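So the chains spell out like this:
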Amino acid sequence: GERSGAVTTAELPLREDLRGRTPYGAPQLDVAVRLNTNENPYPPPDALVDDVAAATREAAAELHRYPDRDALALRRDLADYLSVATRVLVSERNVWAANGSNEILQQLLQAFGGPGRTALGFEPSYSMHPIIAAGTRTEWAPAPRAADFSLDTARAAEIVAERAPDVVFLTSPNNPTGGTIPLHGLAAVLRAAPGMVVVDEAYAEFSGEPSALELLEEFPAQLVVSRTMSKAFAFAGGRLGYLAAAPAVVDALQLVRLPYHLSALTQAAAKAALRHADATLASVAKLAAERDRVAESLLAMGFTPVPSDANFILFGRFTDARHAWQSYVDQGVLIRDVGIEGHLRVTIGTPEENDAFLEAGKEIPR
Ligand code: PMP
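Residues numbered from 1 in each chain as written. Predicted model: local features only at pLDDT ≥ 70, side-chain atom pairs only at ≥ 80, totals over all residues. Heavy atoms only, no water.

A few points about the site of the ligand
Residues in contact with the ligand amount to 13 residues; listed here are only the nearest, Ser101, Asp200, Tyr203, Thr228 and Ser230. In the model, an oxygen atom of the ligand is placed 2.8 Å from a nitrogen or oxygen of the Asn175 side chain. In this structure, a nitrogen atom belonging to the ligand sits 2.7 Å away from a side-chain N or O atom of Asp200. Relative to its unbound accessible area of 400 Å², the ligand is 95% covered by the protein chains. Classifying every residue of the shell around the ligand gives three nonpolar, seven polar and three charged. (Near = heavy atom within 4 Å. Polar contact = N/O pair within 3.5 Å; in protein donor to acceptor, adjacent residues only side chain to side chain. Areas by Shrake-Rupley, 256 points an atom, 1.4 Å probe, with all protein chains shown as cover. Nonpolar A, V, L, I, M, F, W, Y, C, P; charged D, E, K, R; others polar.)

Encoded structure:
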């Protein structure tokens, strides 16, 4: 009935360090144009949908059994994709997969962070990094990016050497600001870091810059490259993230992962989706071209877009970003207030969606 569960969170014996925290929450509003969570706007092609349906049907016949705990076949396919995409040869022993790269990051902090340990990140960046740190009781050490949101990697290396965190997060391209960190900059931070360096490459396919994976041979004991099928692969609903690192890192994660964490349905669906990678990734070039068009249009309209290598653009300036965000919503366009003063972030959609966004921009108070 109505009264069942009548208790507030404050009354529960919740961990003290979680009291008063806010959960991750991109608003999910039912408006015509949704450009707020950096998804690929193009739905999967019919051939992919059919293949996923057939593959999960086959897997369904075996649902009385637990899935492959090590997801070996899927990891082999992911390794093949990465080897081609980055031209760095990796095998299934270098690759680990989980339910979205968020779970990958959580497993990394469970293994390499935790109580008494520190993770450092350069803000503004992906808001889940500190939230996952909190959940795993890893102390979060925020460090600043430059005023133009780029990362001064020489300065970053100094900060890392000074603070000596157990884990460093580098997001490249960075969410929500869009810039990529060049390889020599990543190497400088790796040299300064006493522990693990996680390069979050969720948006790598949208960038023309080389993958941090090229540094694996030089830094096998430190480097972890995190990736996802949620963005370029148009598979956000399928929940599949993965990492590439030395096999020893993959072995370490076995200590914290839950057994059978990747369902048989997820493994089958992701393998089927990967077979159509060429078709799905064809949208990447289209989205990159649209990104550049939207950035130019924003500039022409008198906004200041931050240069982006990803499928989104941070732009300003607004006197009141919150108010401006609401004004976009009122015009049927949902973008993201990421909490950076004077700025909002827009995900690149279809040309029609981008036009609707640009049109709405004419009516926005600044
Ligand atoms: N890293 C970054 C930088 C992201 O922006 C996101 C998604 N917003 C993720 C990781 C997590 O995505 P997923 O769990 O869907 O792989």
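Describing the environment of Asp30
Assignment of secondary structure puts Asp30 in the segment before β1 (33-34). Accessibility expressed as a relative area gives 80% for Asp30, which makes it exposed. Between the C-alpha atoms of Asp30 and Arg257, which are 227 residues apart in sequence, the distance is 35 Å. (Helix = DSSP H or I, 4+ residues; strand = E, 2+ residues; numbered from the N terminus. Buried < 20%, exposed > 50% of the residue type's maximum accessible area, 1.4 Å probe, protein only.)

Side note on the nonpolar core
Formed by 54 residues in total, the largest nonpolar core has its most connected members in Phe122, Met229, Leu240 and Tyr242. Ranked by residues supplied to this core, first place goes to helix α8 (residues 264-275) with six residues. Discounting chain neighbours no more than four positions away, the residues touching Met229 are Leu78, Ala234, Phe235, Ala236, Leu240, Tyr242, Ala270, Ala273 and Leu274. By size, the runner-up hydrophobic cluster in this structure holds 32 residues, among which are Phe312, Ile335, Ile348 and Leu358. (Core = buried A, V, L, I, M, F, W, Y, C linked by side-chain atoms within 4.5 Å. Contact = heavy atoms within 4.5 Å.)

Considering the sheet that holds strand β5 (residues 167-171)
Strand order in the open sheet formed by seven strands is β2-β8-β7-β6-β5-β3-β4, and the pairing between neighbours is mixed. Each having just a single partner strand, β2 (95-98) and β4 (139-144) make up the two edges of the open sheet. Each neighbouring strand pair of the sheet contributes to a mean axis angle of 25 degrees, computed without reference to strand direction. Two strands pair when backbone bridges link them, and strand β7 (residues 223-228) and strand β8 (residues 241-245) are joined in this way by five bridges, in the antiparallel orientation. Bridging across to β8, Arg227 finds its partner in Tyr242. With respect to the sheet, helix α4 (residues 128-135) is in contact with β3 (118-123), β4, β5 and β6 (196-200), its orientation differing from that of β4 by roughly 160 degrees. Running over the sheet, helix α5 (residues 153-163) touches β3, β4 and β5 and is turned about 160 degrees from β3. (Pairing = 2+ DSSP bridges. Axes fitted to C-alpha atoms, helices over the stretch in contact; angles between N-to-C directions.)

Regarding the pattern of salt bridges
Enumeration over the complete set of coordinates arrives at 15 salt bridges. Taking the shortest distance from any N to any O, the salt bridge between Glu218 and Arg191 comes out at 3.5 Å. Placement of the pair is Glu218 in the loop between β6 and β7 and Arg191 in helix α6 (residues 183-192), with a sequence separation of 27 residues. Beyond isolated ion pairs, a larger network of salt bridges with shared partners links Glu201, Glu205 and Arg227. (Salt bridge = Lys/Arg side-chain N within 4 Å of Asp/Glu carboxyl O.)

A short note on the sheet that holds strand β10 (residues 312-316)
Read from one edge to the other, the open sheet built from three strands follows the order β9-β10-β12, with strand pairing classed as antiparallel. Edge positions in the sheet fall to β9 (304-305) and β12 (343-347), since each has one partner strand and no second. Where β10 meets β12, five bridges bridge the pair, whose relative direction is antiparallel. Among the inter-strand pairings, Leu314 is bridged to a residue of β12, identified as Arg345. Across the face of the sheet, helix α10 (residues 321-330) comes into contact with β10 and β12 while running at roughly 35 degrees to β12.

A short note on the UniProt feature "modified residue: N6-(pyridoxal phosphate)lysine" (unreviewed entry) in the protein chain
According to UniProt, the "modified residue: N6-(pyridoxal phosphate)lysine" (unreviewed entry) feature falls on Lys231. By relative accessible area, Lys231 is classed as buried at 15%. Lys231 has contacts with Thr37, Asn38, Asn40, Ala202, Tyr203 and Phe206, leaving out every residue within four places of it along the chain. Looking at Lys231, its side chain comes within polar contact range of the main-chain oxygen of Thr37, at 3.4 Å. (UniProt positions renumbered as here; feature names shortened; annotations may be inferred.)

So, the pairing of β6
Of all five residues in β6, five are buried; the element is thus mostly enclosed. By the alternation rule, side chains of β6 split into Met196, Val198 and Asp200 and Val197 and Val199, which are all buried. Sheet topology note: the β5/β6 ladder contains five bridges and is parallel. Directly across from Val167, in β6, lies its bridge partner Met196. The handedness of the β5 to β6 crossover, carried by α6, is right-handed. (Right-handed = clockwise from strand over helix to strand, strands pointing away.)

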